[in-house]
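# Architecture and fold: a report
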Amino acid sequence: MGDPRLLPRRRTPISLRRVDSSAAVDLPHFLRACRGLPGDRVPVWFMRQAGRSLPEYRARRGSGSILDAIADADLACELTLQPVQRYGVDAAILYSDIVVPVAAIGFGVDVAPGTGPVVEQPFARRADLERLRPLEPEVDTPYVLDTVRALCTELPASVPLIGFAGAPFTVASYLIEGRPSRTYGRTKALMAGDEPLWHDLMDRLVDLAVTSLRSQVTNGARAVQVFDSWAGALSPPDYARYVLPHSRRVFDGVADLDVPRIHFGVGTGELLGLMADAGAEVVGVDWRVPLDVARTRVPPDRALQGNLDPALCLAPWEVVDAATRDVLRRNAGHPGHVFNLGHGVLPETDPAVLERVVELVHAEGRADGAA
Ligand code: CP3
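Residues numbered from 1 in each chain as written. Predicted model: local features only at pLDDT ≥ 70, side-chain atom pairs only at ≥ 80, totals over all residues. Heavy atoms only, no water.

It is worth spelling out the site of the ligand at this point. By nearness alone, 25 residues border the ligand, and Tyr-57, Arg-61, Gly-114, Ser-229 and His-343 come closest of all. One nitrogen or oxygen atom from the side chain of Asp-97 is found 2.7 Å from a nitrogen atom belonging to the ligand. For the ligand, an oxygen atom lies 2.6 Å from a polar atom in the side chain of His-343. Protein burial of the ligand: of its 850 Å² of free accessible surface, 92% is covered by the chains. Because more than half of its atoms lie within 2 Å of the grid, the ligand is assigned to the largest pocket. Going through the elements one at a time, α2 (55-61) and β5 (116-119) are the ones with two or more residues in the shell around the ligand. Counted by class, the shell around the ligand contains 14 nonpolar, seven polar and four charged residues. (Near = heavy atom within 4 Å. Polar contact = N/O pair within 3.5 Å; in protein donor to acceptor, adjacent residues only side chain to side chain. Areas by Shrake-Rupley, 256 points an atom, 1.4 Å probe, with all protein chains shown as cover. 1 Å grid on protein atoms, 1.4 Å probe; cavity = no way out; pocket = protein on both sides within 12 Å on 5 of 7 lines; lining within 4 Å. Sits in = over half its atoms within 2 Å of the grid points. Helix = DSSP H or I, 4+ residues; strand = E, 2+ residues; numbered from the N terminus. Nonpolar A, V, L, I, M, F, W, Y, C, P; charged D, E, K, R; others polar.)

Shown next as structure tokens:
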């Protein structure tokens, strides 16, 4: 608390005095890296940086549904700021959840502590499409927009807010399975067994994601991340046929807003090239594919985000130190690198370890392009 970096700050115009690579040097580190522009440090943030690993989060969060915490804009703003304040990360991620839009239009979704999204009546037949009406952000999720606007005042100009949405496949998997799944059996059965219905469902989820992302950006988010967390369950041909066209429409639907777009999934090593085809500037990489290998799987104009194994953060510091340095070494000074974990912070993580990771990345990371 009381960190001067979090005092409201006037947003200064981008300075054009020192120009390199045709871009202004005052662009925040995170936005520079998303654009592949050289800078003087590697930016870092952590997926699930706001969450149960933080004692201050546990103290403020209470025990109700996370959807209630998200609907309280003052609380959501505070929970978003907590990791920025503690870690000195280079980006904030809105405190919300990928199921907020579907819950807000009344599909009957909650988030069970320790489990994840659960659905009372899972999506099973054509008639269920009617339960997925369009989202009106100002009416259905005004609290999200209040949170975004408050954060734009509270965050320092150097720490952009990332807005986000669930990708159509990952949201569909929750709606169809009714709870987190290991096999995605029902999802794949509907996808391959009733392809017209699958595409109609995906169309509705594309519209929800685009509408939600656009409302976050027009209210002040300066980048967006689309979480297709469970896309790694699919083979490349199935991904290309059933998912890619829809994810591409999500990215196309926000392209005119001119904010960096990040596309992330877990276990997607075999899909990285296809995911890049969907159009995002930044491709998220989990810990299973080293960054230098991941680079060979995406076009050279893309930035990468990742990819320290979150489970290694539970090991002694020497292990974390070596693994962090290995990520940096494999990136080899490429300017298009946003340091992150390969997936979210595990609840049992000691925040002191993540503090040291941020310090190490800032001290040792090179983004000068001089590999
Ligand atoms: O710092 C942040 O990243 C905070 C914002 C955030 C949350 N969920 C808050 C949250 C984000 C970006 C998400 C996205 C999200 N939600 C994803 C995509 C990212 C990923 O992990 O792959 C997914 C798959 C979900 C669905 C979901 N919500 C799951 C699987 C869970 C975990 C259930 C549990 O209790 O372990 C949630 C709940 C959730 N969403 C928590 C948080 C901080 C857990 C803690 C809580 O209830 O307070």
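Picking up where we left off.
Before going further, it helps to examine the packing of helix α10 (residues 195-218) against helix α11 (residues 236-252). Two numbers describe how α10 lies on α11: the axes approach to 9 Å, and their chain directions differ by 25°. Between α10 and α11, the angle is such that the two are roughly parallel. Like other packed secondary-structure pairs, α10 and α11 cross with a definite hand, here right-handed. Contacts between α10 and α11 involve Glu-195, Trp-198, His-199, Met-202, Asp-203, Val-206, Asp-207, Ala-209, Val-210 and Leu-213 from the first element and Arg-241, Tyr-242, Val-243, His-246, Arg-249 and Val-250 from the second. The residue makeup of the contact of α10 with α11, split by class, is nine nonpolar, two polar and five charged. (Axes fitted to C-alpha atoms, helices over the stretch in contact; angles between N-to-C directions. Parallel < 35°, antiparallel > 145°, perpendicular 65-115°, else oblique. Left-handed = near helix turned anticlockwise from the far one by under 90°. Contact = heavy atoms within 4.5 Å.)

Within the secondary structure, Trp-230 sits in the loop between β7 (223-227) and α11. Since its relative accessible area comes to 24%, Trp-230 is described here as partly exposed. Taking the C-alpha atoms as reference points, Trp-230 and Thr-170, 60 residues apart in sequence, are found 5.6 Å from one another. In contact with Trp-230, other than residues within four places in its own chain, are Phe-169, Thr-170, Ser-173, Tyr-174, Tyr-184, Val-266 and His-343. Engagement of the side chain of Trp-230 in a polar contact is seen with the side chain of Tyr-174, the distance being 2.9 Å. (Buried < 20%, exposed > 50% of the residue type's maximum accessible area, 1.4 Å probe, protein only.)

Let us look at the sheet that holds strand β3 (residues 92-93). Taken in spatial order, the seven strands line up as β3-β6-β7-β8-β9-β10-β11 in an open sheet, and their pairing is parallel. The strands lining the two open edges of the sheet, one partner per strand, are β3 and β11 (337-341). Where strand β9 (residues 282-284) and strand β10 (residues 303-308) come together, three bridges link them in parallel fashion. Note on β10: the bridge partner recorded for Val-282 is Ala-303. (Pairing = 2+ DSSP bridges.)

Most often, soluble globular proteins keep nonpolar side chains buried together rather than apart. In this structure, Phe-30, Phe-46, Val-102, Phe-123, Leu-132 and Leu-175 are the most contacted members of the largest nonpolar core, which totals 127 residues. With eleven residues, α10 is the single largest residue contributor to this core. Residues contacting Val-102, with those up to four places away along its chain left out, are Phe-107, Val-109, Leu-132, Val-171, Leu-175, Leu-205 and Leu-208. (Core = buried A, V, L, I, M, F, W, Y, C linked by side-chain atoms within 4.5 Å.)

The next point concerns the side chain of His-362. Looking at where His-362 falls in the secondary structure, it is placed in helix α15 (residues 351-364). Among the polar contacts made by the side chain of His-362, one reaches the side chain of Asp-90 at a distance of 2.6 Å. In this view, His-362 contacts Arg-41, Val-42, Val-44, Gly-88 and Asp-90; residues no more than four positions away in its chain are not counted.

Along helix α9 (residues 185-193), the residues classified as buried are Thr-187, Leu-190 and Met-191. Down the axis of α9, the smallest arc covering the buried residues is 100°, so these residues share one side. Facing away from the buried side of α9 by over 90 degrees, the exposed positions are Arg-186, Ala-192 and Gly-193. If you follow the buried residues of α9, they end up packed against α8 (168-177), α10 and α11. (Arc of directions from axis to C-beta.)

We now examine the confidence of the model for the protein. For the protein, the average pLDDT comes to 93, and 93% of its residues sit at 70 or higher. Strand β1 (residues 19-20) is the least confidently modelled element of the protein, averaging 39 in pLDDT, while β7 averages 99, the highest of any element. This stretch, residues 1-23, has a pLDDT under 50; its non-local contacts, to residues over four places away or in other chains, come to 34 contacts. (pLDDT = per-residue confidence, 0-100.)

Taking 1.5 Å as the rise per residue, α11 with 17 residues should run 24 Å; its terminal C-alpha atoms sit only 21 Å apart, a clear shortfall. The largest bend in α11 amounts to roughly 50° and is located at Val-243, with the proline Pro-245 lying one to four residues further along. Restricting attention to buried positions, one finds in α11 the residues Tyr-239, Tyr-242, Val-243, Leu-244, His-246, Ser-247, Val-250 and Phe-251. Where α11 is buried, its residues contact α8, α9, α10, β7, β8 (261-264) and α12 (272-277). (Expected span 1.5 Å × (residues − 1). Bend = angle between axes of the 7 residues up to and from the residue.)

Within β7, five of the five residues are buried, which leaves the element mostly enclosed by the surrounding structure. Where burial is concerned, the two faces of β7 agree: the one with Ala-223, Gln-225 and Phe-227 and the one with Val-224 and Val-226 are both buried. Alignment of strand β6 (residues 161-166) against β7, held across five bridges, turns out to be parallel. The residue bridging Ile-162 from the neighbouring strand is Ala-223, located in β7. Note that β7 and β8 share four bridges and pair parallel.

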